[in-house]
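Chain and residue survey
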Amino acid sequence: MSTSTRPGTATDLALVAVFAALIAAFSLTPAIPVGAAGVPITLQTLAVVLAGLVLGPWRGFLATLLYLAVGFAGLPVFAGGAAGLAVLAKPSVGYLLAFPVGALVAGALAKLFVGRTGATQYLGFFLAGLAGSLVIHAAGVVGLMVVAHLPFATAFLTDLAYWPGDLAKMFAAAAVAVAVHKAFPALLAARRLATA
């Protein structure tokens, strides 16, 4: 007989769906317009990174992928209530398409710190979230260059406007992740089989 210390497939699917809905909810919070590029500040990045930190790399990846699929299918879950494939022509497309990879990177690094405690775990989760955010910002710069036709230097400087807010989000995401993993320590535990 085999048992698992982690949630089963049904629970995994439920968590993926819940976090996809969380990303959608955070995306629909009032956005703050920034600069001429037309990419607003939202809470999306916080939810995306949280998906990775809390669910781990693959469930976080799937949660963000589900969020994108729902939005591309026509449900108004993107920032400002946008939906459909038309968002691929917006300057924010680079950020948006990088969400799954950002969650994957954050989740993969978070697994290295899930067994730690105190300040070490918090710092590890913060750095994991920061790494995921870096992936999203790098893709965002590329999107600004391709869609908004900005030169690299201008796109990079435009992206810098989002960093203060995203750093604050990473501090918050790390705190939430620490609390969640303290309450549910098996959430990111490796599957271990026991025989009886």
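Residues numbered from 1 in each chain as written. Predicted model: local features only at pLDDT ≥ 70, side-chain atom pairs only at ≥ 80, totals over all residues. Heavy atoms only, no water.

1. Describing the packing of helix H1 (residues 9–27) against helix H2 (residues 44–55)
Here is the rule: What counts as an axis is a line fitted to C-alpha atoms, over the stretch in contact for a helix, and the angles between N-to-C directions run from 0 to 180 degrees. Helix and strand assignments follow DSSP, with helices taken as H or I runs no shorter than four residues and strands as E runs no shorter than two, numbered in order from the N terminus. The scheme is simple: roughly parallel for angles under 35 degrees, roughly antiparallel for over 145, roughly perpendicular for 65 to 115, oblique for anything else. By the definition used in this description, the sense in which the near helix is turned from the far one sets the handedness, with an anticlockwise turn below a right angle giving left-handed and a clockwise turn giving right-handed. Contacts between residues were defined by any pair of non-hydrogen atoms, one from each residue, lying within 4.5 Å. Polar here means any residue outside two lists: the nonpolar Ala, Val, Leu, Ile, Met, Phe, Trp, Tyr, Cys and Pro, and the charged Asp, Glu, Lys and Arg; Gly therefore counts as polar.
Relative to each other, H1 and H2 sit at 160°, their axes nearing to 8 Å. In terms of their interaxial angle, H1 and H2 are classed as roughly antiparallel. The handedness of the crossing between H1 and H2 comes out as right-handed. Here Leu15, Val16, Phe19, Leu22, Ile23, Phe26 and Ser27 of H1 lie close against H2, whose contacting residues are Gln44, Leu46, Ala47, Val48, Leu50, Ala51, Val54 and Leu55. Considering only residue class, the contact of H1 with H2 consists of 13 nonpolar, two polar and no charged.

2. Structural notes on helix H6 (residues 118–147)
Selection rule: Here the expected length of a helix is defined as 1.5 Å per residue gap, with one fewer gap than residues.
With 30 residues, H6 should reach 44 Å at 1.5 Å per residue; the first-to-last C-alpha distance of 43 Å fits that figure. Downstream of H6 by a residue or two, His149 has a phi angle that is positive, lying close to 60°.

3. Observations concerning the nonpolar core
One broad rule of soluble globular proteins: the nonpolar side chains tend to lie buried together. Our working rule: We define a nonpolar core as any set of buried Ala, Val, Leu, Ile, Met, Phe, Trp, Tyr and Cys residues linked to one another through side-chain atoms lying within 4.5 Å. Relative accessibility decides the category of a residue: with a 1.4 Å probe and only protein chains considered, values under 20% of the type maximum give buried, values over 50% give exposed, and everything between is partly exposed.
Core analysis: the biggest nonpolar cluster contains 22 residues, and Phe19, Val49, Leu50, Leu53, Val54 and Ala173 have the highest contact counts within it. Among the elements that make up this core, the one with the highest residue count is H2 (seven residues). The residues contacting Leu50, other than those within four sequence positions of it, are Phe19, Leu55, Ala173, Val176 and Ala177.

4. Overview of the pattern of salt bridges
We apply this condition: Any carboxyl oxygen of Asp or Glu within 4 Å of a side-chain nitrogen of Lys or Arg constitutes a salt bridge here.
Evaluation of the coordinates by the stated rule reveals two salt bridges. A salt bridge links Asp12 to Arg59; its shortest N-O distance comes to 2.9 Å. Of this pair, Asp12 sits in helix H1 while Arg59 sits in helix H3 (residues 57–72), and the two are 47 residues apart along the sequence. Among the residues examined, Arg59 registers a relative accessible area of 6% and is labelled buried. When the shortest N-O distance is used, the salt bridge between Lys169 and Asp166 registers 2.9 Å. Of the two residues, Lys169 and Asp166 both sit in helix H8 (residues 163–183), three residues apart, roughly one turn of that helix. The class of Lys169 is buried, set by a relative accessible area of 9%. On the accessibility criterion, Asp166 (4% relative accessible area) is buried.

5. Some thoughts on unusual backbone geometry
You will see that His149, though not glycine, has its phi angle at about 60°, which is positive. Following the sequence through the fold, His149 ends up in the loop between H6 and helix H7 (152–160). For His149, a relative accessible area of 65% translates into the label exposed.

6. Describing a nonpolar patch on the surface
Put simply, the test is: Note on patches: the residues involved have over 30% relative accessible area and no salt bridge, like charges join within 9 Å, and the nonpolar side chains Val, Leu, Ile, Met, Phe, Trp and Tyr join within 5 Å. The accessible surface values rely on the Shrake-Rupley method and a 1.4 Å probe; as for residues, cover is taken only from the protein chains in view.
On the surface, Val142, Met145, Val146, Phe152, Phe156, Leu157 and Leu160 cluster together into a nonpolar patch covering about 660 Å² of accessible area. Elements that contribute at least two residues to the nonpolar patch include exactly H6 and H7. The biggest single contributor to the nonpolar patch is H7, with four residues. Counting through the fold element by element, Phe156 comes out in helix H7.

7. A look at the confidence of the model for the protein
The condition is simple: Each residue carries a pLDDT score, the predictor's confidence in it, ranging from 0 to 100.
In this model, the protein carries a mean pLDDT of 88, and residues with pLDDT of at least 70 account for 87%. Counting contacts from residues 1–5, a segment whose pLDDT is below 50, to residues more than four positions away or on other chains yields 14 contacts. Below a pLDDT of 50 lies the segment residues 191–196, which in the model reaches 14 contacts outside its immediate sequence neighbourhood of four places, other chains included.

8. Considering H2
A rise of 1.5 Å per residue sets the reference length of H2, with its twelve residues, at 16 Å; its end C-alpha atoms lie 16 Å apart and thus fit the reference within 8%. Among the twelve residues of H2, twelve are classified as buried, and the element is accordingly described as predominantly covered. Gln44, Thr45, Leu46, Ala47, Val48, Val49, Leu50, Ala51, Gly52, Leu53, Val54 and Leu55 are the residues of H2 that are buried.

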